[in-house]
Structure formats: C-alpha cells, structure tokens
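These are the residues of each chain, in order.
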Amino acid sequence: MKGIVFTEFLEMIETKFGYSLVDQLLTETDLPSGGKYTAIGTYNHGEMVTLVTKLSQHTNIPVPDLLRVYGQYMFVTFTKKYRSLIDRSDSAFSLLHSIDHHIHVEVRKLYPDAELPHFTVEQVSDRQIYMYYTSERKLSDFALGLMDGCFAHFGEKATIRKTNLVDDGSKVLFDIVKE
Ligand code: HEM
C-alpha cells in the first residue's frame, strides 16, 4: 500500500483528534515500518488495519465509519494532488465510470507497485448505477467515503446502498441513485 494512504491517514487523525493521538497510536503499535511513512514508499497493508483498529479503540468509533470518513478526506486530497485526473469528468457518474479504465490506470503508471481495487460499472438508468468492487484489501468502506467525496465535489447528492457479495467484503455491490 502506497505511503500517501498512510501519511494522509495520520494527517486526518491529527486534524480531527489532535497530534497527541497520532503520537499515542504510533508508540502503542508495533509497526514493521516504525510509523515512518513517506508518500512514495510502499508499506504492508496490514499496518493500515492495525492503525485503524487502534484508532477505533481510542475513539469508540467503529472501523467502517472511520474508513468512510477517511475516504471523504482522501477525495479532497486527490482533488488537490491529482486535479487533472478529476477535471476530465463533469459529473460524479462520469468520474466513477472512469476510475478503472482511466484514473487508476494513470495511478499505476505513477506507482507501478500500487495495490488497486477493480471496479465494473453498470448504468441502470440516467439516475442509477451499479458499481461492483473487488479487492483482497476489503476496503469498501473507504471506497464509500471516496464516493461521498466525489458527489460532494460535483455538488451532487446520491443515496448509496452497499451490499457484500462475499461475506469477507472482498466483493461488494454499490447501488447508487442520484437525487
Ligand atoms: C486506492 C488513487 C479515485 C477507490 C488508491 C491508491 C491510490 C489511488 C494512489 C493507493 C494504492 C496503494 O495503496 O497501493 C486515486 C486517485 C483518484 C482515485 C488519484 C482520483 C483522482 C478513487 C475513487 C474511488 C477509489 C473515486 C472509489 C470509488 C479506491 C480504493 C482504494 C484505492 C477503494 C484502496 C485499495 C483497495 O481497495 O484495494 N487510489 N484514486 N479511488 N482507490 Fe483510488
């Protein structure tokens, strides 16, 4: 998992809960990297699971909620760091359609070792799409937050219903209806 995922996560904790909690998490957890992340480095995905689980224990906020909020935060980061990828789309649906065959393709060129999910999108009607998420990292709640961020960015509103297609969360259906 790329370092940006970790550096932005720690920055979000600092913004929302204060630096002392970041410090506490890093000292209490035994991370192979020692918690020294750089944006271009690559780290074990298990470290994110450890950090988010610890954060949940400290804040009493369930892990899925933390991952969703983190996705919302991350989308704002992407709008700053990868503006040109986002500006190619003029609506949330058009951006969601372009993740698998454009956005993440460009990400892969920048970071050949990125661990990216797979999406397929089905246009049900003008107002509705089905998005199928597949990833062994089981981060569909993070994906949900990124989708929230995407709709907010375009000033649109949508209802997103998430259903696990496999119990462990590695295959998920998002039923997205635009208001
Ligand atoms: C992961 C880039 C938009 C879903 C990632 C990673 C990067 C990235 C750098 C980390 C890869 C790694 O850790 O190795 C971007 C950029 C975007 C964008 C630049 C927009 C400009 C989106 C959107 C969604 C999404 C809108 C959701 C609908 C995900 C998920 C992961 C991920 C769920 C976590 C890895 C996994 O689940 O396997 N993306 N992304 N991305 N991205 Fe994107």
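For clarity, every value in this text was computed on a predicted model and none was experimentally measured.

Engineer: How should the coordination of the iron atom of the ligand be read in this particular structure?
Structural biologist: Reference values for coordination geometry: four tetrahedral donors around a metal ideally subtend 109.5 degrees, six octahedral donors ideally subtend 90 or 180 degrees. For the iron atom of the ligand, the protein contributes exactly one donor atom, H104 (NE2), at 2.1 Å. Within the secondary structure, H104 is located in helix 6 (residues 92-110).

Engineer: I'm lost on the environment of L26 in this one. Help?
Structural biologist: Tracing the sequence through the fold places L26 in helix 2 (residues 19-28). Judged by relative accessible area, L26 falls into the partly exposed class, the value being 22%. As a C-alpha pair, L26 and K36 span 10 residues in sequence and 9.3 Å in three-dimensional space. Apart from the residues lying within four places of it in its own chain, the contact partners of L26 are L10, L31, G35 and L51.

Engineer: Teacher, can you tell me more about the pairing of strand 2 (residues 128-134) here?
Structural biologist: Across a regular strand the side chains alternate sides, sitting on one face of the sheet and then on the other. Pairing geometry for strand 1 (residues 118-125) and strand 2, over 7 bridges, is antiparallel. The partner of Q123 across the bridge, within strand 2, is I129. A loop of 2 residues connects strand 1 with strand 2, the two strands running antiparallel in sequence. With 7 bridges connecting them, strand 2 and strand 4 (residues 171-178) associate as antiparallel partners. Paired with T134 across the strands is K171, a residue of strand 4.

Conventions adopted
- Residues numbered from 1 in each chain as written.
- Predicted model: local features only at pLDDT ≥ 70, side-chain atom pairs only at ≥ 80, totals over all residues.
- Heavy atoms only, no water.
- Donors = N, O, S within 2.8 Å, 3.2 Å for Na, K, Ca; no water.
- Helix = DSSP H or I, 4+ residues; strand = E, 2+ residues; numbered from the N terminus.
- Buried < 20%, exposed > 50% of the residue type's maximum accessible area, 1.4 Å probe, protein only.
- Contact = heavy atoms within 4.5 Å.
- Pairing = 2+ DSSP bridges.

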